[in-house]
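Each chain, letter by letter, is given below.
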Amino acid sequence: MGTDLHELLRSLRVWDPAVTDLPPFDPDAAPAEPLALFGRWFAEAVAAGQPEPHTMSLATADTDGLPDVRTVMLHDADDEHGWTFATHATSRKGRQLAARPYAALGFYWPAQGRQIRLRGPVTTAPPEQSQADLHARSTGALAAALVGHQSELLGSVEELADSSQAAWDRARQEPDAPVPTWTLYRLRPDEVEFFQGDAQRRHVRLIYRRAEATWLKELLWP
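Keep in mind that this is a model prediction, so the values were computed, not measured.

J.: It is not clear to me how helix α5 (residues 139-147) should be interpreted in this structure. Could you clarify?
T.: Note on helix geometry: an α-helix contains 3.6 residues per turn, so any two residues three or four positions apart are oriented the same way. Among the residues of α5, Ala-141, Leu-142, Ala-143, Ala-145, Leu-146 and Val-147 are the ones counted as buried. In this structure, the buried residues of α5 make contact with β4 (82-88), α4 (127-135), α6 (157-173) and β7 (182-187). Looking one or two residues past α5, Gly-148 carries a phi angle of roughly 65°, positive in sign.

This is the structure we're talking about:
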């Protein structure tokens, strides 16, 4: 198995020209603040056919400082609150954020060879806003939230099936059903890095660093 995996890994290539377009990126023409560039790149990722561009890696640390990472969905991004995602406050990531309210986010859009990395402090939205966010989503999202127990040990797949069916029934009958543990989290970045891949490996890395009421822009070696 190890040999097969090694050979498979060696056979793979990134940024196949048949499916990838590496657009030019002039950092001197980048806007003064990162949200505007994020919005532009996000729209371009959607237009390029990037699957699920709103998914991102969320990195946190536990009480011992050990790192953890998983994929979550971006719910919003604005100047006031930063980048927003949601989960149960009782989940593993919710508990880690309660203990260490600082995190990092990572977007990877291979259709254009682009990455965006952010890190900064994390705060929670008021409960009424968290519930409004949940109830604005799909019936399936509400059903999943109603199941609860995220990150807890599961006895069997049958137990999950039973709980899920009950949650789906309730979500259909009670579309405003409350889920008190459902929480919106907001990361207000101290740093945002934009990475544009280049076929000759002359990758462009532009980093924004928060400096009081403005942003400092700098280039990084690839």
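Moving on from the coordinates now.
J.: I keep staring at the UniProt feature "binding site: FMN" (unreviewed entry) in the protein and nothing clicks. Help me out?
T.: Under the present numbering, the feature "binding site: FMN" (unreviewed entry) in UniProt falls on Arg-92, Lys-93, Gln-115, Gln-150, Ser-151 and Arg-205. In three dimensions, the annotated residues from a span of 114 residues occupy distinct locations, with a maximal C-alpha spread of 36.3 Å. Among the secondary structure elements, Gln-150 is positioned in the loop between α5 and α6. Here Thr-87 takes part through its side chain, which lies 2.8 Å from a polar atom of the side chain of Gln-150. Relative to the helices and strands, Ser-151 resides in the loop between α5 and α6. Excluding residues within four positions of it along the chain, Ser-151 makes contact with Ser-91 and Arg-92. Of the polar contacts made by the side chain of Ser-151, one reaches the backbone nitrogen of Arg-92; its length is 3.1 Å.

J.: Can you help me understand the packing of α5 against α6 in this one?
T.: The packing of two helices is summarised by the inter-axis angle and the distance between the axes. Packing of α5 against α6 leaves a shortest axis separation of 8 Å and a crossing angle of 130°. As the angle between them shows, α5 and α6 are arranged oblique. In this structure, α5 crosses over α6, and the sense of that crossing is right-handed. Residues Thr-139, Gly-140, Leu-142, Ala-143, Leu-146 and Val-147 of α5 form the contact with α6, whose own contacting residues are Leu-160, Ser-163, Ser-164, Ala-167, Trp-168, Arg-170, Ala-171 and Arg-172.

J.: Help me out: how do you make sense of the nonpolar core in this one?
T.: In a soluble, globular protein the nonpolar side chains are often hidden away together inside. Counting 28 residues, the largest nonpolar core has Phe-107 and Ile-116 as its most contacted members. Those elements that place two or more of their residues in this core are α2 (34-47), β1 (55-61), β4, β5 (102-109), β6 (114-124), β7, β8 (191-196) and β9 (204-211). Take this core: its biggest share by element is five residues, from α2. In this structure, Ile-116 is in contact with Phe-38, Trp-41, Leu-105, Gly-106, Phe-107, Trp-109, Val-192, Glu-193 and Phe-194, ignoring residues within four places of it in sequence. If you look at the next biggest cluster of nonpolar residues, it comprises 14 residues, including Leu-142, Ala-145, Trp-182 and Leu-184.

J.: Would you explain a nonpolar patch on the surface in this entry?
T.: Together, Leu-5, Leu-8, Leu-9 and Leu-12 line one region of the surface with nonpolar side chains, adding up to about 390 Å² of accessible area. Following the sequence through the fold, Leu-12 ends up in the loop between α1 (2-11) and α2.

J.: What is the right way to look at the pattern of salt bridges in this model?
T.: Where side chains of opposite charge bring their charged atoms close, a pairing between them can arise. If you walk through the whole model with that rule in mind, you get 10 salt bridges. Asp-68 is the salt-bridge partner of Arg-70, the closest N and O atoms lying 3.5 Å from each other. We note that Arg-70, like Asp-68, is buried. Here Arg-119 and Glu-191 are joined by a salt bridge, their closest N and O atoms 3.2 Å apart. Taken as a pair, Arg-119 in strand β6 and Glu-191 in strand β8 lie far apart in primary sequence, 72 residues in all. For Arg-119, a relative accessible area of 43% corresponds to the partly exposed category.

About the criteria used
- Residues numbered from 1 in each chain as written.
- Predicted model: local features only at pLDDT ≥ 70, side-chain atom pairs only at ≥ 80, totals over all residues.
- Heavy atoms only, no water.
- Buried < 20%, exposed > 50% of the residue type's maximum accessible area, 1.4 Å probe, protein only.
- Helix = DSSP H or I, 4+ residues; strand = E, 2+ residues; numbered from the N terminus.
- Contact = heavy atoms within 4.5 Å.
- UniProt positions renumbered as here; feature names shortened; annotations may be inferred.
- Polar contact = N/O pair within 3.5 Å; in protein donor to acceptor, adjacent residues only side chain to side chain.
- Axes fitted to C-alpha atoms, helices over the stretch in contact; angles between N-to-C directions.
- Parallel < 35°, antiparallel > 145°, perpendicular 65-115°, else oblique.
- Left-handed = near helix turned anticlockwise from the far one by under 90°.
- Core = buried A, V, L, I, M, F, W, Y, C linked by side-chain atoms within 4.5 Å.
- Patch = residues over 30% accessible without salt bridge, like charges linked within 9 Å, V, L, I, M, F, W, Y side chains within 5 Å.
- Areas by Shrake-Rupley, 256 points an atom, 1.4 Å probe, with all protein chains shown as cover.
- Salt bridge = Lys/Arg side-chain N within 4 Å of Asp/Glu carboxyl O.

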